[in-house]
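Each chain is listed here by its residues.
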Amino acid sequence: SVRRISRAVLAHSTHGRPAADEASVRNELNGALRSAVGTEAAELRAALAELDSGRFLQRANAAARYPIVGATCAATGLPTMRGLRFDIVVLDEASQLTEPAALLPLLRHQARRLVAVGDPKQLPPTLTSRASGAGGRRPDAPPTLELTLFERLARCGVAPTMLRRQYRCHPRLSGLCSRLFYDGQLIDGHGPEAHAARAPLLAGLPPLAWCETAGSESVGRGGSISNVAEATRAIAIAQTLVASGIAPRHVGIIALYRALTAHQLL
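Residues numbered from 1 in each chain as written. Predicted model: local features only at pLDDT ≥ 70, side-chain atom pairs only at ≥ 80, totals over all residues. Heavy atoms only, no water.

**Re the overall build of the chain**
For step 1, the next point in the chain: Helices and strands together make up the secondary structure of the chain, namely nine helices and six strands.
For step 2, the next point in the chain: Across the 266 residues that make up the chain, the buried fraction comes to 24%.
For step 3, the next point in the chain: The long-range share in the chain, meaning contacts at least 24 apart out of those at least 6 apart in sequence, stands at 56%.
For step 4, the next point in the chain: When the accessible surface of the chain is summed, it comes to about 18,600 Å², and 56% of that surface belongs to carbon and sulfur atoms. (Helix = DSSP H or I, 4+ residues; strand = E, 2+ residues; numbered from the N terminus. Buried < 20%, exposed > 50% of the residue type's maximum accessible area, 1.4 Å probe, protein only. Contact = heavy atoms within 4.5 Å. Areas by Shrake-Rupley, 256 points an atom, 1.4 Å probe, with all protein chains shown as cover.)

Spelled out as structure tokens, the structure:
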């Protein structure tokens, strides 16, 4: 979907079935343009210009001319990618891909080399079905799809290279992750002067705080889990921060479940 493509690369993108998709892509771009402003609007207009000029179809019909092609694993089977051969396949987020999905680009494009980039300490592949006892397994045994190609290669003796230096987190946050998950091996890329510049948003507000809530989870109509007590506490914390002088645009609430929707937060 066009909605899920970064606006900055829209003008360089194509779809798997160009002749059939051009009209739907144009409709999606025009629909997004109606509510876009500033840079985003300019990028959408540039993508529409690519359609008008015919370069969209030219790219789709001649992908083999390009030395680097980006695609999802599933998209490697679409007509645009048919018959392409690549010496190297780079799998991003390889530790979140099921093994069959990771094998698709390797087999279809006859890659000679694989660069698998991932972090097995993070979330595993999302599996929407659990077979009970299928193939002779015990009912309580984990599905074999949870073993990713990334982890299988590591088990087979292909030692992964750990990227230890991080630049994103406050050292208090990275230190916690390092101790809990990475055997203390993470290194902060920023020096003391950068840490000093990360002053608290409010006096006395620590970089990390835990807030225990009471309440129980429930499943809504859409199948998503929700917790009213947690949602209420999140609202209260956000209101307190805004009342203390922090601009609302600087407050982010990350909800792990879809049921924590905008109308609940409001």
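**Quick notes on the side chain of T98**
For step 1, the next point in the chain: Considering the arrangement of structural elements, one finds T98 in the loop between β1 (88-91) and α4 (99-108).
For step 2, the next point in the chain: Note on T98: relative accessible area 18%, which makes it buried.
For step 3, the next point in the chain: Beyond its immediate stretch of four places on either side in the chain, T98 contacts P125, L127 and L145.

**Quick word on the pairing of strand β2 (residues 113-116)**
For step 1, the next point in the chain: Of the strand pairs in this sheet, β1 and β2 are connected by four bridges, and their pairing is parallel. Considered in β2, the bridge of V90 is made with V115.
For step 2, the next point in the chain: For the crossover from β1 across α4 to β2, the handedness is right-handed. (Pairing = 2+ DSSP bridges. Right-handed = clockwise from strand over helix to strand, strands pointing away.)

**Considerations on the side chain of S174**
For step 1, the next point in the chain: With respect to the helices and strands, S174 occurs in helix α6 (residues 171-181).
For step 2, the next point in the chain: On the basis of relative accessibility, which here comes to 4%, the residue S174 falls in the buried class.
For step 3, the next point in the chain: Within the structure, the side chain of S174 is placed 2.7 Å from the side chain of D188, a separation counted as a polar contact.
For step 4, the next point in the chain: The residues contacting S174, other than those within four sequence positions of it, are Q166, C169, L186 and D188. (Polar contact = N/O pair within 3.5 Å; in protein donor to acceptor, adjacent residues only side chain to side chain.)

**Thoughts on unusual backbone geometry**
For step 1, the next point in the chain: The phi torsion at E93 lies on the positive side, around 50°, for a residue other than glycine.
For step 2, the next point in the chain: Looking at the secondary structure, you find E93 in the loop between β1 and α4.
For step 3, the next point in the chain: Despite not being glycine, D183 has its phi angle at roughly 55°, a positive value.
For step 4, the next point in the chain: Structurally, D183 can be placed in the loop between α6 and β4 (187-188).

**Quick look at the pattern of salt bridges**
For step 1, the next point in the chain: In total, this model carries one salt bridge according to the counting rule given.
For step 2, the next point in the chain: Two residues, R152 and E99, come together in a salt bridge whose shortest N-O distance is 2.5 Å. You can see R152 sitting in helix α5 (residues 149-155) and its partner E99 sitting in helix α4, a full 53 residues away along the chain.
For step 3, the next point in the chain: Among the residues examined, E99 registers a relative accessible area of 13% and is labelled buried. (Salt bridge = Lys/Arg side-chain N within 4 Å of Asp/Glu carboxyl O.)

**Some details on a nonpolar patch on the surface**
For step 1, the next point in the chain: A surface patch of nonpolar side chains, amounting to about 320 Å² of accessible area, comprises I88, V90, V115 and V117.
For step 2, the next point in the chain: Owing to a relative accessible area of 55%, V90 belongs among the exposed residues under this scheme. (Patch = residues over 30% accessible without salt bridge, like charges linked within 9 Å, V, L, I, M, F, W, Y side chains within 5 Å.)

**Describing the state of the cysteines**
For step 1, the next point in the chain: Throughout the structure, instances matching the rule amount to zero disulfides.
For step 2, the next point in the chain: The cysteine C169 is free of any disulfide, with C177 supplying the nearest cysteine sulfur at 5.9 Å.
For step 3, the next point in the chain: Using a relative accessible area of 29% as the deciding quantity, one classes C169 as partly exposed. (Disulfide = S-S within 2.5 Å.)

**Some details on the nonpolar core**
For step 1, the next point in the chain: Among the nonpolar cores identified, the biggest contains 10 residues, and these are L10, V25, L29, A32, A36, A41, L44, A47, L48 and L51.
For step 2, the next point in the chain: Elements supplying a minimum of two residues to this core: α1 (18-33) and α2 (38-53).
For step 3, the next point in the chain: Ranked by residues supplied to this core, first place goes to α2 with five residues.
For step 4, the next point in the chain: With residues near it in sequence (within four places) discarded, A41 still touches L33 and A36.
For step 5, the next point in the chain: Formed by nine residues, the second largest nonpolar core is a distinct cluster that contains C73, L97, A102 and L106. (Core = buried A, V, L, I, M, F, W, Y, C linked by side-chain atoms within 4.5 Å.)

**A short note on α2**
For step 1, the next point in the chain: Between the first and last C-alpha of α2 there are 23 Å, a value that for 16 residues agrees with the 22 Å anticipated at 1.5 Å per step.
For step 2, the next point in the chain: Of the residues making up α2, those classed as buried are A41, L44, A47, L48, E50 and L51.
For step 3, the next point in the chain: Following α2 by one or two positions, G54 adopts a phi angle in the positive range, close to 90°. (Expected span 1.5 Å × (residues − 1).)

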